[in-house]
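Residue-level structural notes
Spelled out from the first residue to the last, the chains are:
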Amino acid sequence: MRLAPGRSPLASIALGLLCASIPAVGTANAGSDQESAPDTSPALPPPSVLRLTLATGAAIVPGLLVHGAGTFVSGDRSTGLRLLAWEGAGLGMFLAGGLGLLFTGASRQTVVPFSLLTLSGLGIFSITGLADLYGALAPAFDPGQPMRDLPGWELELGYLGVARGPFAAGQLGTVAFTVRPGAWRIDGAGELALDAANRRLRLGMARRFWGPTATGSPPEDDGYLEAEMRASVHSFGDDGFAQRTGDLLLRGRRSLARTAARLAGAFAEMGFGVGLESYHFPEGTDLNSRLIGEVGFGVNVGGGGSLRGEMMAFYDHRKDGFTGGLPLFGIAGHVGLRGRFYLGPRWGLGGELASGRATTGRLSLIYTGGLL
């Protein structure tokens, strides 16, 4: 994908993110004190087992197409209708972006904004569907508490397994670090094959405009907005080529308790950006631009004791790395489930299962320091 000449990539990113900002990252003005207030509607009485079962079933059929059906059947009509309205907005954005790409022939002049509109709409559609299932089940458990402060630094050591990939990935050991000086985050990672000539190195830096950090007063919830730059180098030694990437990304999270009290303990994420990637072969180098999109729906875990963390189902539009993209006309990224859990003041566990061109599984041991 080539960037449209005569149009600022950052302006296109801002346009796409603005279209999705209400359900995804809240009010993007200055700080968390300017975000919308949490939903304060009165809590509904616990439903009977029969109603809980019917609500869960309704979140699946017809809920896969009519988002909000589950929470509506459970007795929370306000949340059900709100999710249905957001589903309609997401579907409209998806169709508008898709038709724009179709009628313009994915022109270089308009491909970025239309693609961002399509991804935003698909993200909102997916989030409302998962939120409805969560809302239907919510009365059966106590919601997890959001992580309102973060470790000052973290070290990770783990393992990455790759199956069905087209290249010789091998078995990989992983090492990573993260430091959070104030509103900044600096992180890096290495993935080194133990039985093949394959390695990937990544370095990133992010600036958080509001939300949880390692210093300062904890915010009201775990919503945030940040900008991130990152670069990676991936050497496929056994296959005779290398890949280098550089990305610029704007990412946000919204606590869904601000949308409806029934959704307390859940959150939504979206991120959009642009990047460059180059492939280096013995015959020469191929340079391309790329569109980046991230969508996630997650739940907080624990928070009342020594255990706290989160799990998130996600879609990532990137097609690089060991996971690659789904075999869907070469345009889709990969999907997965990611979790991060802190088991006490110093130790934690991280894991991820993702599927694209390859299926990858990651498990790591985390050691933290600073504020936690």
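Okay, so let's go over this structure. (Residues numbered from 1 in each chain as written. Predicted model: local features only at pLDDT ≥ 70, side-chain atom pairs only at ≥ 80, totals over all residues. Heavy atoms only, no water.)

**Digging into the overall build of the protein**
As a reminder of what qualifies: Elements are defined by DSSP. Helices are runs of H or I of four residues or more, strands are runs of E of two residues or more, and each kind is numbered from the N terminus. Relative accessibility under 20% of the residue-type maximum defines a buried residue, over 50% an exposed one, and the middle range a partly exposed one, all with a 1.4 Å probe and only protein chains included. Contacts: residue pairs with any heavy atoms within 4.5 Å of one another. Calculation of accessible area relied on Shrake-Rupley with a 1.4 Å probe; when residues are assessed, cover is drawn exclusively from the protein chains displayed.
Tallying secondary structure elements over the protein gives five helices and twelve strands in all. Taken across its 372 residues, the protein has 47% of its residues classed as buried. Across the protein, the fraction of contacts at a sequence separation of at least 24, relative to all contacts at a separation of at least 6, is 60%. For the protein, the exposed surface amounts to about 17200 Å²; the carbon and sulfur share of it is 67%.

**Let's talk about the packing of aromatic side chains**
Stated formally: Working definition: rings of Phe, Tyr and Trp (its six-membered ring) pair if their centres are within 6.5 Å, and the pair is stacked with planes under 30 degrees apart, edge-to-face with planes over 60 apart, and tilted otherwise. Over a ring means this: the NZ of a Lys or the CZ of an Arg is within 6 Å of the ring centre and within 35 degrees of the ring normal.
Overall, the coordinates contain eight aromatic pairs when judged by the stated rule. With centroids separated by 4.5 Å and ring planes inclined at 15°, the aromatic side chains of Phe236 and Phe241 adopt a geometry described as stacked. By the burial criterion, Phe236 is buried, and Phe241 matches it. Each member of the aromatic cluster is reached from another via a ring pair, and the members are Phe236, Phe241, Tyr279 and Phe281. The positively charged end of Arg308 is found above the aromatic ring belonging to Tyr342, 5.9 Å away from the centroid.

**Quick look at the pattern of salt bridges**
We count it as follows: Salt-bridge detection follows one rule: a side-chain nitrogen of Lys or Arg within 4 Å of a carboxyl oxygen of Asp or Glu.
Following the criterion strictly, the structure yields 30 salt bridges and no others. Note that Arg362 is salt-bridged to Glu191, the shortest N-O span being 3.0 Å. Note that Arg362 is positioned in strand β12 (residues 359–369) and Glu191 in strand β3 (residues 184–193), a separation of 171 residues in sequence. Arg362 gets classed as partly exposed once you look at its relative accessible area, which sits at 29%.

**Things to note about the environment of Ala261**
Examined against the element boundaries, Ala261 turns out to sit in the loop between β6 (241–255) and β7 (266–281). Through-space distance from the C-alpha of Ala261 to that of Asp76 is 9.9 Å; in sequence the pair is 185 residues apart.

**Section: helix α5 (residues 111–137)**
To keep it simple, the criterion reads: The span you would expect from a helix comes to 1.5 Å times its residue count less one.
Here α5 contains 27 residues, and its C-alpha end-to-end distance of 39 Å stays within 8% of the 39 Å for a straight helix at 1.5 Å per residue. Of all the 27 residues making up α5, 20 are buried; the element is thus mostly covered by neighbouring parts of the structure.

**Thoughts on the nonpolar core**
Put simply, the rule reads: In these notes, a set of buried Ala, Val, Leu, Ile, Met, Phe, Trp, Tyr and Cys residues joined through side-chain atoms within 4.5 Å is what counts as a nonpolar core.
Counting 24 residues, the largest nonpolar core has Ile127, Ala131, Tyr134, Leu256, Leu263, Met270 and Phe297 as the members making the most contacts within it. Mapped by element, the contributors of at least two residues to this core are α4 (77–104), α5, β7 and β8 (284–302). Top element by residues in this core is α5. It accounts for nine residues. The next biggest cluster of nonpolar side chains, apart from the first, holds five residues, and it includes Leu160, Ala169, Leu172 and Ala193.

In short, shape yes, function no, at least from these values alone.
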